[in-house]
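Commentary on secondary and tertiary structure
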Amino acid sequence: MDVKIEPTWKSRLQGEFEKEYFIKLTEFVKEEYRLKTIYPPGSLIFNSFNLCPFQNVKAVIIGQDPYHGPGQAHGLCFSVREGVDFPPSLVNIFKEIESDLGTQKPISGNLERWAAQGVLLLNATLTVRAHQAGSHQKKGWEQFTDRVISILNNEKQNIVFFLWGAYAQNKGESIDRSKHLVLESVHPSPLSASRGFFGNKHFSKCNEYLTAHGVEPINWQ
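Residues numbered from 1 in each chain as written. Predicted model: local features only at pLDDT ≥ 70, side-chain atom pairs only at ≥ 80, totals over all residues. Heavy atoms only, no water.

Section: the overall build of the protein chain
- Counting secondary structure elements, the protein chain contains eight helices and six strands.
- When the helices and strands of the protein chain are placed in sequence order, the string is α-α-β-α-β-α-α-β-β-α-β-α-β-α.
- Taking 2.2 N^0.38 as the reference for a compact globule, 221 residues should give roughly 17 Å; the C-alpha atoms of the protein chain span a radius of gyration of 17 Å, in line with that estimate.
- Over its C-alpha atoms, taken along the principal directions, the protein chain stretches across nearly 45 × 35 × 25 Å.
- Residue burial in the protein chain is summarised as follows: out of 221 residues, 53% are buried.
- When contacts within the protein chain are restricted to residue pairs at least 6 apart in sequence, long-range pairs at least 24 apart make up 65% of them.
- When the accessible surface of the protein chain is split by element, carbon and sulfur atoms take 50% of a total near 10000 Å².
- One finds the centroid of the 24 positive side-chain charges in the protein chain at a distance of 2 Å from the centroid of its 23 negative side-chain charges. (Helix = DSSP H or I, 4+ residues; strand = E, 2+ residues; numbered from the N terminus. Rg over C-alpha atoms; globule rule 2.2 N^0.38 Å. Buried < 20%, exposed > 50% of the residue type's maximum accessible area, 1.4 Å probe, protein only. Contact = heavy atoms within 4.5 Å. Areas by Shrake-Rupley, 256 points an atom, 1.4 Å probe, with all protein chains shown as cover. Lys, Arg positive; Asp, Glu negative; His and termini not counted. Charge placed at Lys NZ, Arg CZ, Asp CG, Glu CD.)

Dropping the structure here:
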């Protein structure tokens, strides 16, 4: 199957594209786009990979599924398009950045600037029906993104993995802590952020780790 995805990822994931589960997933997703309103736009399903080639990955933030409101999702977890109001979790992420790093709050919710620096903004499920959170879960995307995490875990060293909330922590439980830095806390959602997301200092810890391993730190602004 010819999937349009960045070449360094395509070479590593081609085997997945030929598997029965992925072929069935593709059929399901195509039919969903034909019949319903699905986010993100089809051309942006693999945006996180296209903006962050394999060799560039320094850090991985794991989300659950795309935003399901109009104009929000564009293929990067927690990110929204330019000019779109910040969702509550992103507001809290920016509050923690401001507190942790002593910097001004970022002014744009479009996190493509992070992807360009080597942050893979990976949702576990890459598509969703409008206004129906979780509607494309358990259709095959999770198996695909588990494989992505496995490839990064096995083929690279000294990646920083951000696992916010139980869902992300379960998804990242197989990551080799002797090769990579795994940062865990509750989710930045308003329902949980005050119970350990605020004050986790994950952004400074990430940069300290990268610097200690001779890797350029990330500008989280």
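Looking at the packing of helix H4 (residues 88-101) against helix H8 (residues 202-212)
- At a closest axis distance of 8 Å, the pairing of H4 and H8 adopts a crossing angle of 60°. Taken together, H4 and H8 sit at an angle that is classed as oblique. Across the interface between the two elements, Ile93, Glu96, Ile97, Asp100 and Leu101 of H4 pack against His202, Phe203 and Ser204 of H8. (Axes fitted to C-alpha atoms, helices over the stretch in contact; angles between N-to-C directions. Parallel < 35°, antiparallel > 145°, perpendicular 65-115°, else oblique.)

Describing the nonpolar core
- In terms of nonpolar packing, the biggest core is built from 32 residues, with Trp9, Phe46, Phe49, Leu120, Phe144 and Leu152 touching the most fellow members.
- Listing elements by their share of this core, those giving two or more residues are helix H1 (7-17), helix H2 (20-35), strand E2 (59-63), strand E3 (119-123), helix H6 (141-155) and strand E5 (160-164).
- In terms of residue count, H6 provides more of this core than any other element does, six residues in total.
- In this structure Leu120 touches Trp9, Ser48, Phe49, Cys52, Val57, Ala59, Val60, Ile61, Val148 and Leu152, once residues within four positions along its chain are discounted.
- In terms of nonpolar packing, the next biggest core, distinct from the first, is built from 31 residues, Tyr67, Leu90, Ile93 and Ile97 among them. (Core = buried A, V, L, I, M, F, W, Y, C linked by side-chain atoms within 4.5 Å.)

Observations regarding the packing of aromatic side chains
- Counted by the stated rule, this structure contains 23 aromatic pairs.
- With 5.3 Å between their ring centres and 85° between their planes, Phe86 and Phe94 make a pair best called edge-to-face.
- An aromatic cluster is present here, built from Phe78, Phe86, Phe94, Trp114, Phe162, Trp164, Phe197, Phe198, Phe203 and Trp220 joined pairwise through their rings.
- Lying across the ring of Phe28, Lys139 places its NZ or CZ 4.9 Å from the centre.
- Against the face of Phe54 rests Lys156, its NZ or CZ located 5.0 Å from the ring centre. (Phe/Tyr/Trp six-rings, centres within 6.5 Å; stacked < 30°, edge-to-face > 60°. Lys NZ or Arg CZ within 6 Å of the ring centre and 35° of its normal.)

Section: the pairing of E5
- Of all five residues in E5, five are buried, a share of seventy percent or more.
- Because side chains alternate across E5, one face comprises the buried residues Val160, Phe162 and Trp164, and the other comprises Phe161 and Leu163, equally buried.
- Pairing of E5 with strand E6 (residues 181-185) involves five bridges; the strand directions are parallel. For Phe161, the partnering residue across the bridge sits in E6 and is Val182. (Pairing = 2+ DSSP bridges.)

A few points about the pattern of salt bridges
- Applying the stated rule across the entire model yields nine salt bridges.
- The residue Asp2 makes a salt bridge to Lys10 at a minimum N-O spacing of 2.4 Å.
- Notably, a salt bridge pairs Glu16 with Lys19, separated by 2.8 Å at the nearest N-O pair.
- Note on Glu16: relative accessible area 5%, which makes it buried.
- According to the relative accessible area criterion, Lys19 is partly exposed, its value standing at 38%.
- One continuous salt-bridge network, built from bridges that share partners, spans Glu16, Lys19 and Arg147. (Salt bridge = Lys/Arg side-chain N within 4 Å of Asp/Glu carboxyl O.)

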